[in-house]
Amino acid sequence: MKKYIIPILICCLTTLALVSCDSQFDNWRQLNETWIKNHESQLGQDADIVSYGITHTGLQYEVFHYGYGKVPKSTSKIKVNYKLWLYDGTLVQSSEDVELTLSNCVAAWQEFLPTLHAGSHCKIYAPAEICYGSDGSKSSEQFRIPPYSALTFEIELIDVWQQLPEEE
């Protein structure tokens, strides 16, 4: 009988910890859903917006200016200025002249940026599922995204060029 007490106690404590985590994740999920609904009602209200809409994944976008440069593909290198906010309005990151490969970006960028030309300026409101999802991001002390976080990105697509395959 005594040999069963410790495993039962461990199972109970583990279950309690998991239930606690689930309720925290449920709170984040609810915040994400509320944030998305609030933005749907405000979408396109700014006078500076030339285009706006919602994609099949729930990504909401507002385009301030359409450029006339190249259109990025998944393998393209891009140069951007961008700002990133959490659902509560907290500015998480602001970067200029950042060079990235589109395929290494969050799914929200991979979905929307190929609809724009270099020179475009937009704001996207992305649900957690196409950003960092249930894991969040802990890439550095200054750049932490909680799990289930809906995010806002303001992006200026400065330049696009094709990344050449690496030579062997």
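From a predicted model like this one, the values you see are computed outputs, not experimental measurements. (Residues numbered from 1 in each chain as written. Predicted model: local features only at pLDDT ≥ 70, side-chain atom pairs only at ≥ 80, totals over all residues. Heavy atoms only, no water.)

### Regarding the pairing of strand E1 (residues 51–54)
Turning to step 1, where the next piece is worked out: Residues of E1 alternate between two faces, with Ser 51 and Gly 53 buried on one and Tyr 52 and Ile 54 left unburied on the opposite face.
Turning to step 2, where the next piece is worked out: As consecutive antiparallel partners, E1 and strand E2 (residues 60–65) are separated by five residues, and within that stretch Gly 58 has a phi angle of approximately 95 degrees, a positive value. (Buried < 20%, exposed > 50% of the residue type's maximum accessible area, 1.4 Å probe, protein only. Helix = DSSP H or I, 4+ residues; strand = E, 2+ residues; numbered from the N terminus. Pairing = 2+ DSSP bridges.)

### Quick word on the side chain of Ser 51
Turning to step 1, where the next piece is worked out: Mapped onto the elements, Ser 51 comes out in strand E1.
Turning to step 2, where the next piece is worked out: At a separation of 3.1 Å, a polar atom in the side chain of Ser 51 contacts the side chain of Tyr 66.
Turning to step 3, where the next piece is worked out: Once residues lying within four places of it in the same chain are set aside, the contact partners of Ser 51 are Tyr 61, Glu 62, Val 63 and Tyr 66. (Polar contact = N/O pair within 3.5 Å; in protein donor to acceptor, adjacent residues only side chain to side chain. Contact = heavy atoms within 4.5 Å.)

### Details of the packing of aromatic side chains
Turning to step 1, where the next piece is worked out: A full pass over the atoms with the stated rule returns three aromatic pairs.
Turning to step 2, where the next piece is worked out: When the ring of Tyr 82 is compared with that of Trp 109, the centres are 5.3 Å apart and the planes differ by 85 degrees; the resulting orientation is edge-to-face. Taken as a pair, Tyr 82 in strand E3 (residues 76–86) and Trp 109 in helix H2 (residues 107–112) lie far apart in primary sequence, 27 residues in all. Each member of the pair, Tyr 82 as well as Trp 109, is classed as buried.
Turning to step 3, where the next piece is worked out: Judged by centre distance (5.6 Å) and plane angle (80 degrees), the rings of Trp 109 and Phe 153 are edge-to-face. Taken together, the residues span a long stretch of sequence, with Trp 109 in helix H2 and Phe 153 in strand E8 (residues 151–162) at a distance of 44 residues. An identical accessibility class is assigned to Trp 109 and Phe 153; each is buried.
Turning to step 4, where the next piece is worked out: Among the aromatic residues, those joined into a cluster by ring pairs are Tyr 82, Trp 109 and Phe 153. (Phe/Tyr/Trp six-rings, centres within 6.5 Å; stacked < 30°, edge-to-face > 60°.)

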